[in-house]
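An overview of the molecular structure
Now for the letters of each chain:
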Amino acid sequence: MVRAVPRRPLLAGILGAPLLAPAIGRAQGIEPAEAPRRAERWHDLKLSIFDRGTEPAGDALTLVAPARALDAAAVPISLSLSAEAAPRVRAIHLVIDENPAPLAAVFRAGPAGDLRALSARVRVDAYTLMHAVAETDDGRLLETAQFVKAAGGCSAPVGTDLRAARERMGRMRMALPEGPPAPDRAAPVQVAVSHPNTSGLQIDQLSRLSIPAEFVQTLRVLYRGAEVLRAECGISIAENPTFGFALAGEPGGELKVEAEDNRERRFAAAWVVGNGG
Amino acid sequence: MLAAAGPAIAATVQVAPGVYVLPGVHEDASPSNGNAIANVGFVVGGASVAVVDPGGSMAHGRRLRRAVEAVTPLPIRHLVLTHAHPDHVMGAAAFAELRPEVVGHARLPEALAQRREGYLRMIEREMGAEAAAGSDALPPTRLVEDRLDLDLGAGRALSIAAHGPAHTDADLSLFDPATATLWLSDLLFVERIPSLDGSLAGWLRELAALRERPAARAVPGHGPPAVPWPAGAAALTGYLEALRDGTRAAIASGVGIAEAPARVASAEASRWRLAEGYHGRNVSAAYRELEWE
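What counts, and where the lines are drawn
Residues numbered from 1 in each chain as written. Chains lettered and ligands numbered in written order. Predicted model: local features only at pLDDT ≥ 70, side-chain atom pairs only at ≥ 80, totals over all residues. Helix = DSSP H or I, 4+ residues; strand = E, 2+ residues; numbered from the N terminus. Buried ≥ 20, exposed ≤ 12 C-beta atoms within 10 Å, placed from the backbone. Contact = placed C-beta atoms within 7 Å. Rg over C-alpha atoms; globule rule 2.2 N^0.38 Å. Core = buried A, V, L, I, M, F, W, Y, C linked by C-beta atoms within 7 Å. Expected span 1.5 Å × (residues − 1). Pairing = 2+ DSSP bridges. Axes fitted to C-alpha atoms, helices over the stretch in contact; angles between N-to-C directions. Left-handed = near helix turned anticlockwise from the far one by under 90°. Nonpolar A, V, L, I, M, F, W, Y, C, P; charged D, E, K, R; others polar. Arc of directions from axis to C-beta.

1. Overview of the overall build of chain A
- A count of helices and strands for chain A gives three helices and 15 strands.
- When the 277 residues of chain A are sorted by exposure, 44% land in the buried category.
- Expressed as a percentage of contacts within chain A between residues at least 6 apart in sequence, the contacts between residues at least 24 apart total 70%.

Okay, here's the thing in structure tokens:
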């Protein structure tokens, strides 16, 4: 059982009132006058993204984001699951409430992985609540939030030299800061795809959503041929999409990353995750 | 003469014959400083005047224009925008009616197109709507791809150089051969912590080349009106090298981009004014650049 997650009735019914106090209470720094509007925004977003209500994640899911970002166009965030929750969570949704396209990414665990430790870099367009919602294998939605002060990240110009960035498009990096994994020890892995990941600034007048420009839409990580992680991404992911995750298993296998952008460009790279070699 | 013109104009410093700098203060934009935080100024030629960066606001630009008029009756024919940052360009509106030629880096129009509106909102937020009113950049009318000689008449010509991505991706520098003055604007920071908005590797490259250039003095974008050259580049070079080396080491040892700002080159940063507002951002920018080396 997932003991860290209280077995209580859904706090917010599918059509129920926005009972958001628990999540927002943990998100420090919100201007009091803005709190009701932000709660309403999240309530509306949840109705558009999920077909069920959510409940507070408690200790099962932790979202870490800087209270004030250094660079709104690349705000580092991390997501972690408790040891109890990790085997039960198959997907985590990351939502940046005030961004033009709020659903930043959905991370899905493959058969050969879990979502116990994820990291990403996102664009933040305005002071915002950021929400993470973990979906358990029995269909519950566990929610947590952070408040982040940053502005202009979606409309920020390409961070570096766009010409150089285009020439580098598709190049990938992989890093194992703590060395290769072992069957009993998950190793942190970071993968990155060089891509301008332009957000697009146009607004579709019907949907009120941004028309996407050029960005990585899916990224899959496979180890020894089995899927470890799949990230489905929106325009809120920063330039040069960079993700961290935990990899467990025998060292010496092939780690493969496949990415595809919205223009159907496909990129792939593979590395042998060394066993001392 | 200067007394009649007021204290603002008395603050103008002639760093070499015909080369005037209106020094900025080491602060962030605020209602009280009118965003006059960068060194701006002008060069008086035989037939015309070139303004080098019109200032950070309409008020700053007007102050600079009065400073020119207090020194010479010659017309302001050229406005050189050394890069797109608001503390350097948003005073351009004060010169609009003079219809000057506006000189900028070949990449400046794109930089302004992308950032101008955001910068206008930013200075309004920081200075207050009243103080910021009327401030704006002017679109460049003459672009510099590589080099440009700007003739100010009677044998005085400024040699303008376009740089690769360094402080920003649209930096210009000027050299006045008559006085051997190198006007570097924000390619050179002194006292105030530099802000990295272009390329760290590029900035170090451009600085190395500039240091080889014989000059009597350089005009920094922030710092004293003029410093000896190349000695005046030593502190900046030291900081940028520490930023590069520390960030590379952080990347190599697996320190993440979230943790690096508190750990990289903190000692070097502490020697600079306003480090708390900019050093973390510099590390973050350096990290994103260097992880792709």
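Now that the structure has been shown, we can carry on.
2. Points about the overall build of chain B
- Looking only at helices and strands, chain B features 11 helices and 13 strands.
- The globule rule puts the C-alpha radius of gyration for 293 residues at 19 Å, and the 18 Å found for chain B is close to it.
- Within chain B, the fraction of its 293 residues that count as buried is 56%.
- Within chain B, contacts between residues separated by at least 24 positions form 70% of all contacts whose residues are at least 6 apart in sequence.

3. A short note on the interface of chain B and chain A
- On the chain A side, the residues contacting the 19 residues of chain B number 17 residues.
- Elements supplying a minimum of two residues to the side of chain B that touches chain A: α5 (108–127) and α11 (275–290) of chain B.
- Looking at the side of chain B that touches chain A element by element, the count peaks at six residues for α11(B).

4. Some points on the nonpolar core
- Among the nonpolar cores identified, the biggest contains 93 residues, and A50(B), V51(B) and V80(B) are the most heavily contacted of them.
- Setting aside its immediate chain neighbours within four residues, V80(B) contacts A50(B), V51(B), V52(B), V103(B), I160(B), L172(B) and L174(B).
- Judged by nonpolar contacts, the second largest core, of 69 residues, contains L61(A), V124(A), V221(A) and A246(A).

5. A short note on helix α2 (residues 35–49) of chain A
- Taking 1.5 Å of rise per residue, 15 residues should cover 21 Å, and α2(A) covers 21 Å from first to last C-alpha, within 8% of that figure.
- Contact partners of the buried residues in α2(A): β7 (128–136) of chain A.

6. Focus: the pairing of strand β2 (residues 19–22) of chain B
All names here are of chain B.
- On β2, burial covers both faces: V19 and V21 on one face and Y20 and L22 on the other are all buried.
- Examined bridge by bridge, strand β1 (residues 13–16) and β2 share three bridges and lie antiparallel to one another. Of the residues in β2, the one forming a bridge with Q14 is Y20.
- Connecting β1 to the next strand, β2, in antiparallel fashion are two residues, including G18 with a positive phi near 80°.
- Inspection of the sheet shows β2 paired to strand β3 (residues 40–44) by four bridges, in the antiparallel sense.

7. Let's talk about the environment of F50(A)
- Along the chain, F50(A) falls in the loop between α2 and β1 (55–56).
- Spatially, the C-alpha atom of F50(A) lies 17 Å from that of C233(A), the residues being 183 residues apart in sequence.

8. Quick notes on the packing of helix α8 (residues 234–252) of chain B against α11(B)
Residue and element names in this part refer to chain B.
- Two elements in contact, α8 and α11, have axes separated by 9 Å at closest approach and are oriented at 65°. Where α8 crosses over α11, the handedness of that crossing is right-handed. Contacts from L243, R244, T247, R248 and I251 in α8 reach N282, V283, A286, Y287 and L290 in α11.
- Looking at the contact of α8 with α11, its residues break down into six nonpolar, two polar and two charged.

9. A few points about the sheet that holds strand β12 (residues 217–222) of chain B
Residue and element names in this part refer to chain B.
- Strand order in the open sheet made by the six strands is β8-β9-β10-β11-β12-β13, with mixed pairing throughout. Looking at which strands have only one partner, the edges of the open sheet turn out to be β8 (147–151) and β13 (227–228).
- Here three bridges tie strand β10 (residues 172–176) to strand β11 (residues 181–189), and the two strands are oriented antiparallel to one another. Across the sheet, the residue bridging to L174 is W183, located in β11.

10. Looking at helix α7 (residues 200–211) of chain B
Residue and element names in this part refer to chain B.
- Helix length check: α7 (12 residues) gives 16 Å between terminal C-alpha atoms against 16 Å at 1.5 Å per residue, within 8%.
- Those residues of α7 that fall on the buried side of the exposure criterion are L200, W203, E206, L207 and L210. One face of α7 carries all of its buried residues, which in axial projection span an arc of 125°. α7 presents A208 and A209 as exposed residues on the side facing more than 90 degrees away from its buried surface.
- Against the buried residues of α7 lie β11, α8 and α11.

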